[in-house]
Amino acid sequence: MTKKSIVILISGSGTNLQAIIDAVERGDINASITAVISNRADAKGLQRAQRAHINTIVVEQGDHPDRESYDQVLIAEVDRFQPDLIVLAGFMRILSDQFINHYQDAILNIHPSLLPALKGLHTHRRALEAALQVHGASVHFVSNELDSGPVVIQAEVPVLQDDTEASLADRVLQQEHNIYPMAIAWFVDGRLKINGNDVLLDGKVLNRPALWKADQLVISEQH
Ligand code: NHR
Ligand code: GAR
């Protein structure tokens, strides 16, 4: 049987990408990363991919007049690798319905908040402004509505008294590196599926997202 194919989209430093590369190399994710695509030529994550001998592609926005024509090119590039799964790892461009519908139920994103709280950008700053005591990250399936697709797994991160935006972002990022490879491994092993708005793990509906807490996985009652 041929290995499943994963295409990863990035925009920046690519530490989540690195965590996924490491999990593939350890054998924790039974798939190949067939391409890493960035919308920015200067994304540090491209170097991480090259170091791991993964194909890299840059699709820059400047070359395309609007979102639809950009996404058309992106789809053409992604399609070359026939991915079973598309992973957004710090990808900072909103994807059009055209893209989402083309890869229905096979796109995962990691968002730096405990969704549905703090959708959108600058989540760490907003968590501090709102004086939240608990913050975190969520892995979710990507749907047409921004940051609103079904959530698979979350990691909670306590907000500390003297946290800055940077210190909080850093602790959340560490937890992202735990939960993202886990969710991807479930998906490629065929354990994780989506049915409408329901997330299925091992054939059972998750009543609430799986939770990574104090280095342990908590799965609430399933039906
Ligand atoms: N696309 C769709 N259709 N649905 C989602 O849920 C998506 C998505 C694309 C990216 C990641 C998301 C996040 O985790 C993501 C989820 C970028 C923006 C944004 O406003 C918002 C959410 C996310 C990513 N981007 C601006 C834009 O106009 C550009 C901002 C910038 O370049 O700094 O695309 O938070
Ligand atoms: C991560 O914290 C990710 O959750 C966030 O950007 C960072 C990327 O880090 N994603 C978004 O904010 C999407 N809008 P990385 O490039 O080191 O993986």
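That block above? That's the structure.
Predicted, not measured: the structure shown is a model, and the values here were computed from it.

Asker: Teacher, can you tell me more about the sheet that holds strand β6 (residues 134–141) here?
Answerer: Spatially, β3-β2-β1-β4-β5-β6-β7-β11-β12 is the arrangement adopted by the nine strands of the open sheet, whose pairing is mixed. Both outer strands of the open sheet, β3 (56–58) and β12 (216–218), are each paired with one neighbouring strand and no more. Along the sheet, successive strands turn relative to each other by an average axial angle of 20 degrees, direction set aside. Pairing of strand β2 (residues 31–38) with β3, which is carried by three bridges, proceeds in the parallel orientation. Looking across to β3, one finds that Ile37 is bridged to Ile57. Strands in contact with helix α1 (residues 15–26) are β1 (4–10), β2, β4 (85–88) and β5 (107–111); relative to β2, the strand with the most contacts, it is inclined by about 160 degrees. Against the sheet, helix α6 (residues 165–188) touches β1, β2, β4, β5, β6, β7 (151–158), β11 (210–213) and β12, its axis set at about 155 degrees to β7.

Asker: Help me out: how do you make sense of the side chain of Asn16 in this one?
Answerer: Within the secondary structure layout, Asn16 lies in helix α1. Accessibility expressed as a relative area gives 6% for Asn16, which makes it buried.

Asker: What is the right way to read the site of ligand 2 from this model?
Answerer: Every residue lining ligand 2 is accounted for by Ser13, Gly14, Thr15, Asn16, Gly90, Phe91, Met92, Ile110, Pro112, Leu121, Leu173 and Glu176. The contact in question runs from an oxygen atom of ligand 2 to an N or O atom on the side chain of Ser13, over 2.7 Å. Here Glu176 contributes a side-chain N or O atom positioned 2.8 Å from an oxygen atom of ligand 2. Taken by itself ligand 2 offers 450 Å² of open surface, and the protein chains cover 83% of this. The residue makeup of the shell around ligand 2, split by class, is six nonpolar, five polar and one charged.

Parameters at a glance
- Residues numbered from 1 in each chain as written.
- Chains lettered and ligands numbered in written order.
- Predicted model: local features only at pLDDT ≥ 70, side-chain atom pairs only at ≥ 80, totals over all residues.
- Heavy atoms only, no water.
- Pairing = 2+ DSSP bridges.
- Helix = DSSP H or I, 4+ residues; strand = E, 2+ residues; numbered from the N terminus.
- Axes fitted to C-alpha atoms, helices over the stretch in contact; angles between N-to-C directions.
- Contact = heavy atoms within 4.5 Å.
- Buried < 20%, exposed > 50% of the residue type's maximum accessible area, 1.4 Å probe, protein only.
- Near = heavy atom within 4 Å.
- Polar contact = N/O pair within 3.5 Å; in protein donor to acceptor, adjacent residues only side chain to side chain.
- Areas by Shrake-Rupley, 256 points an atom, 1.4 Å probe, with all protein chains shown as cover.
- Nonpolar A, V, L, I, M, F, W, Y, C, P; charged D, E, K, R; others polar.

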